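Working through the structure, step by step
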Amino acid sequence: MIKIGDKKIGPGHPTYVIGEIGINHNGCIETAKRIIDAAVVAGCDAVKFQKRTPDLCVPAHQRDVQRETPWGVMSYIDYKHRIEFGAREYAEIDRYCADRGIHWFASSWDEVALEFVEQFDPVAHKVASASLTDIPLLTKLKESGRTIILSTGMSTMDEIERAVETLGTENLILCHATSAYPCKAELLNLRMIQTLAEKFPGVPIGYSGHETGLQTTVAAVNLGACVVERHITLDRAMWGTDQAASVEPGGLNRLVRDIRIIERALGDGVKVVYDEELPIRKKLRRDETNLELTAK
């Protein structure tokens, strides 16, 4: 049985809901805390961040590109350093999430970032779709022995198979994703959740969504997603590349509520006559007798 912290993952267990904060905090720890609070209120199981070593992750041809930011015009590499949390901020996140009773972890985009995140003993590691083909990073992630959540956006099936071969299936969760921000409904291809389940039997399948609505994420649960991840923010009008594809607190409350309702409504697939049906049965069935019924 695959677990994230104390939560069992897979069919028959509650959907594990992740609020992806990513870089929507814009380098402000107080903003990060407010988003964590929103996730707690909504009933999320975890929040997730992104950890990069900018000097390793930013391509050379982009480093000196000038970008307008809330802090003025600066090079892209300076911007990436500006919004990156360090040891002090992550220590505060670790403490704050423990106090609020919610899991946290991060997607590490390079091996140095992974080593950094490991010091906090995370309940899991996330692999961003962009890192699915980074075999050296995947190898290091496997060595951690932790549960790995792998997003599969912008990837071919051959690439996914190679990543799964590298990571193994013992501690793996696969998340279907389409890497478009925000993503149009016709590009979501939610039936890939079932395709991945058939292709990798025994591996829990999740969904990482970048759409603007909520209905399709609920539909993913109906199709069998055991883990659901959505970007979350305080206000979609905030500055940042991921804000437009994020869910605000009100929407997050509705999303988690609807997921929990769907879970209860799906049931176990065993046909029974419920106690609540017996009076109606007795009233409407012409041939009804005092039959002994197995009922709930």
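The present account deals with the structure reproduced in this document. Keep in mind the model is a prediction, meaning the values are calculated, not measured. (Residues numbered from 1 in each chain as written. Predicted model: local features only at pLDDT ≥ 70, side-chain atom pairs only at ≥ 80, totals over all residues. Heavy atoms only, no water.)

1. Concerning the overall build of the chain
When you go through the chain residue by residue, the secondary structure sums to 11 helices and 12 strands. Along the first, second and third principal axes, the C-alpha atoms of the chain reach 80 × 40 × 40 Å. Classification of the 296 residues of the chain by burial places 47% in the buried group. Put simply, 64% of the contacts in the chain that link residues at least 6 apart link residues at least 24 apart. Entry remark: accessible area of the chain is about 14,800 Å², with carbon and sulfur atoms responsible for 50%. Treating the 36 positive side-chain charges of the chain as one cloud and the 42 negative ones as another, the clouds have centres 6 Å apart. (Helix = DSSP H or I, 4+ residues; strand = E, 2+ residues; numbered from the N terminus. Buried < 20%, exposed > 50% of the residue type's maximum accessible area, 1.4 Å probe, protein only. Contact = heavy atoms within 4.5 Å. Areas by Shrake-Rupley, 256 points an atom, 1.4 Å probe, with all protein chains shown as cover. Lys, Arg positive; Asp, Glu negative; His and termini not counted. Charge placed at Lys NZ, Arg CZ, Asp CG, Glu CD.)

2. With respect to the packing of aromatic side chains
Overall, the coordinates contain 11 aromatic pairs when judged by the stated rule. A centroid spacing of 6.0 Å and a plane angle of 80° characterise the contact between Phe49 and Tyr90, whose relative ring orientation is edge-to-face. Within this pair, whereas Phe49 is found in strand 4 (residues 46-51), its partner Tyr90 is found in helix 4 (residues 87-100), the two being separated by 41 residues in sequence. Take Phe49: its relative accessible area is 0%, and that puts it in the buried class. Residue Tyr90 is classed as buried on the basis of its relative accessible area of 1%. Taken together, a centroid distance of 5.5 Å and an interplanar angle of 85° make the contact between Tyr79 and Trp239 edge-to-face. Linking Tyr79 in helix 3 (residues 76-83) with Trp239 in the loop between strand 12 (227-231) and helix 10 (249-266), this pair joins segments that are 160 residues apart in sequence. (Phe/Tyr/Trp six-rings, centres within 6.5 Å; stacked < 30°, edge-to-face > 60°.)

3. A closer look at the pairing of strand 11 (residues 205-209)
Within strand 11, 5 of the 5 residues are buried, leaving the element largely enclosed by the surrounding structure. The alternating pattern of strand 11 places Ile205, Tyr207 and Gly209 on one face and Gly206 and Ser208 on the opposite face, and all of these are buried. Note: strand 10 (residues 172-177) against strand 11, 4 bridges, orientation parallel. Note that in strand 11 the partner of Ala177 across the bridge is Ser208. Read from strand 10 through helix 8 (residues 192-199) to strand 11, the crossover connection turns out right-handed. (Pairing = 2+ DSSP bridges. Right-handed = clockwise from strand over helix to strand, strands pointing away.)

4. Considerations on the side chain of Lys33
Here Lys33 lies in helix 1 (residues 29-42). We classify Lys33 as buried; its relative accessible area is 13%.

5. Brief notes about helix 7 (residues 157-167)
The set of residues buried in helix 7 consists of Ile160, Ala163, Val164, Thr166 and Leu167. End-on view of helix 7: buried residues confined to an arc of 160°, all on one side of the axis. Opposite the packed face of helix 7, turned more than 90 degrees from it, sit the exposed residues Asp158, Arg162 and Glu165. Packed against the buried residues of helix 7 are helix 6 (135-144), strand 9 (147-151) and strand 10. Where helix 7 ends, the next residue or the one after it, Gly168, has phi of about 75°, a positive value. (Arc of directions from axis to C-beta.)

6. Thoughts on the packing of helix 6 against helix 7
In the contact formed by helix 6 and helix 7, the axes pass within 9 Å of each other and the chain directions differ by 35°. Relative to helix 7, the crossing made by helix 6 is right-handed. For the pair helix 6 and helix 7, contact is made by Ile135, Leu138, Thr139, Leu141 and Lys142 and by Arg162, Ala163, Thr166 and Leu167, respectively. Within the contact of helix 6 with helix 7, the residues separate by chemical class into 5 nonpolar, 2 polar and 2 charged. (Axes fitted to C-alpha atoms, helices over the stretch in contact; angles between N-to-C directions. Left-handed = near helix turned anticlockwise from the far one by under 90°. Nonpolar A, V, L, I, M, F, W, Y, C, P; charged D, E, K, R; others polar.)

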